[in-house]
Structures are given as C-alpha cells and as structure tokens.
Amino acid sequence: MFSGEALNQKVGRLSGGERARVLIAQLMLQPADVLLLDEPTNDLDIPTLEILEESLLEYRGALVLVTHDRYMLDRVSTVVLGLDGLGNAERFADYAQWEIWQRGQLVGAKSEERAGEKSKVAGATAAVGAKKKLNYKETRELDTMEERIAEAEKELQGKHELLLDSSVMSDSVRLRELSLELEAAQERIDEMYTRWGELEKRSKEVTK
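The structure presented is a predicted model; accordingly, all values stated were derived computationally and were not measured.

Criteria and cut-off values
Residues numbered from 1 in each chain as written. Predicted model: local features only at pLDDT ≥ 70, side-chain atom pairs only at ≥ 80, totals over all residues. Heavy atoms only, no water. Helix = DSSP H or I, 4+ residues; strand = E, 2+ residues; numbered from the N terminus. Buried < 20%, exposed > 50% of the residue type's maximum accessible area, 1.4 Å probe, protein only. Contact = heavy atoms within 4.5 Å. Areas by Shrake-Rupley, 256 points an atom, 1.4 Å probe, with all protein chains shown as cover. Axes fitted to C-alpha atoms, helices over the stretch in contact; angles between N-to-C directions. Parallel < 35°, antiparallel > 145°, perpendicular 65-115°, else oblique. Left-handed = near helix turned anticlockwise from the far one by under 90°. Pairing = 2+ DSSP bridges. Right-handed = clockwise from strand over helix to strand, strands pointing away. Expected span 1.5 Å × (residues − 1). Arc of directions from axis to C-beta. Salt bridge = Lys/Arg side-chain N within 4 Å of Asp/Glu carboxyl O.

## As for the overall build of the chain
Phase 1: Per the secondary structure count, the chain includes eight helices and four strands.
Phase 2: Reading the secondary structure of the chain in the N-to-C direction produces α-β-α-β-α-β-β-α-α-α-α-α.
Phase 3: Every one of the 208 residues in the chain was classed for burial, and the buried ones make up 34%.
Phase 4: In the chain, the share of contacts with a sequence separation of at least 24, taken over all contacts with a separation of at least 6, comes to 58%.
Phase 5: Working note: accessible area of the chain is about 13,900 Å², and carbon and sulfur atoms make up 51% of it.

Below you can see the structure in the form of structure tokens.
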C-alpha cells in the first residue's frame, strides 16, 4: 500500500495510519501460532482494512481479536466471547447472538432489582385523583397481587435460564423470539408492581 518513492521514508515521518500499516505488515511476516490484535483497524483506510481481513482469513494459527469493528468480527472470527458488563461471559457464533443474550441478561438483572425494591414499590404514590375506597374486585386483586407477581417473576426467571441453553443459543430464530418474550414478561411485571403500589396506597387512605 506504499508507493515506490515512499519506501525510503523514515517511519517517524509517517502518519498514524501509515505506521499502523507498517507494524501490521511486519507482524504478518513473523511466524507465530497465535496472533493477539487489539483494535487493529484504528486509523486504517478501507483498502488497508480489506488487505488486513484477507491476511487474517488466510492465517492458519489462532487469532484473538479485540475490536469495535463488528463487520471484521463477524467475517474473521469463528467464536465470539461476549461480556455482559455484569461479570458474566458466554461464547457465541456471531455478534448478533451476543446482542440478544445481553438484552436478556439486562432484563434478568432488572427483574432482580425490582424484586429487591418490592417493599418500596408497594408504597408508591397512587395516581392523581385515585381517592376512592377499594371495591370488592380491587380488594381481591390486591390480596392476590404478591402471589401473582411471584409467579410472573418465576416464569421470567425460567425464560432467562432457557436463554442460556446451548440448543437455544445456536438457534438464532428461537433466540430472537425468546428475547422478545423476556422483554414482554418484564414489562408485565413492571405494570403489576405499579398497580400494586396504587392499590396499596388507596387501601391505606382514610376516607374524609
């Protein structure tokens, strides 16, 4: 990627992208069983990126690649190690599977956080104007709310565990469907907690 007259230039006079090209070319000429590349696409132009990708695809050793370049990751890697930011890691076939798994992890973490704040939510402020005494149906709804929330959270946890099943993770269609089910289940639980807070507040109000 250098012209003939540029070959005699000192490396110190090259741009950042040109220096990166020299270092990568030098690296690719050295025999090695493992290559560890940390953000190798930084400062590279498109033609150089294409040459780098082709070189890595032809490399016969093991490659450990750390990059924000999703396209290169999907094209070059055979295994993606995904980190969810919560201390967990899993192996995936591609970046898209990791994205779905990460959303499921965040949904599960949100559910646990909600469960820990159950007592606070139960005392949440009722909607403006909701001053009426509970009728029989609402009283019955309040009495069974905690049990129904527990069942819903158990169901959510089951879906979350299913998301980590290897057979599901290898099925991109099922993985996406389950991710949407997790989001819907979490939204339902959030609505139940809000409703519980409203009913609890109204049940404690003193009729003036």
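There's more to say after this.
## Structural notes on unusual backbone geometry
Phase 1: A positive phi angle, near 50°, is found at Glu39, a position not held by glycine.
Phase 2: Topologically, Glu39 is positioned in the loop between β1 (34-38) and α2 (46-58).
Phase 3: What makes Glu39 buried here is its relative accessible area of 17%.

## Structural notes on the packing of helix α6 (residues 136-163) against helix α8 (residues 172-204)
Phase 1: Contact geometry for α6 and α8: axes closest at 9 Å, N-to-C directions at 160°. Relative to α8, the element α6 lies roughly antiparallel. Relative to α8, α6 is oriented so that their crossing is left-handed.

## Let's talk about the pairing of β1
Phase 1: Side chains Leu35 and Leu37 of β1 all project onto a buried face; the interleaved residues Val34, Leu36 and Asp38 project onto a face where none is buried.
Phase 2: Sheet analysis places β1 next to strand β2 (residues 62-66), joined by five bridges and oriented parallel. The partner of Leu37 across the bridge, within β2, is Leu65.
Phase 3: Of the crossover connections in this fold, the one passing from β1 over α2 to the parallel β2 is right-handed.

## A look at helix α1 (residues 16-28)
Phase 1: In a regular helix each residue adds 1.5 Å, so 13 residues correspond to 18 Å; α1 covers 18 Å between its end C-alpha atoms and thus fits that length.
Phase 2: Listed in full, the buried residues belonging to α1 are Gly17, Ala20, Arg21 and Ile24. Down the axis of α1, the sector holding all buried residues measures 100°, keeping them to one side.
Phase 3: Packing partners of the buried residues in α1 comprise α2.

## Brief notes about the side chain of Gln97
Phase 1: Among the structural elements, Gln97 can be located in helix α4 (residues 95-116).
Phase 2: Setting aside its immediate chain neighbours within four residues, Gln97 contacts Phe92, Met169, Ser170, Ser172 and Leu175.

## Some remarks on the pattern of salt bridges
Phase 1: Here the structure, examined in full by the defined rule, presents ten salt bridges.
Phase 2: We note a salt bridge from Arg75 to Glu54, for which the minimum N-O separation is 2.6 Å. Pair noted here: Arg75 is in helix α3 (residues 70-76) and Glu54 is in helix α2, with a separation of 21 residues, a long-range link.
Phase 3: Note that Glu138 is salt-bridged to Arg195, the shortest N-O span being 3.9 Å. Here Glu138 is found in helix α6, whereas its partner Arg195 is found in helix α8, with 57 residues between them in sequence.

## Some details on the environment of Leu142
Phase 1: Within the secondary structure, Leu142 is located in helix α6.
Phase 2: Along the primary structure Leu142 and Glu198 are separated by 56 residues, whereas in three dimensions their C-alpha atoms are 9.5 Å apart.
Phase 3: Each residue touching Leu142, except ones within four places of it in the same chain, is listed here: Leu134, Trp196, Leu199, Glu200 and Ser203.

## Description of α2
Phase 1: Compared with an ideal rise of 1.5 Å per residue, which puts 13 residues at 18 Å, α2 spans 19 Å between its outermost C-alpha atoms and is within 8% of the ideal.
Phase 2: Within α2 the residues assigned to the buried category are Thr48, Leu49, Leu52, Glu53 and Leu56. For α2, the angular spread of the buried residues around the axis is 135°, confining them to a single face.
Phase 3: Against α1, β1, β2 and α3 lie the buried residues of α2.

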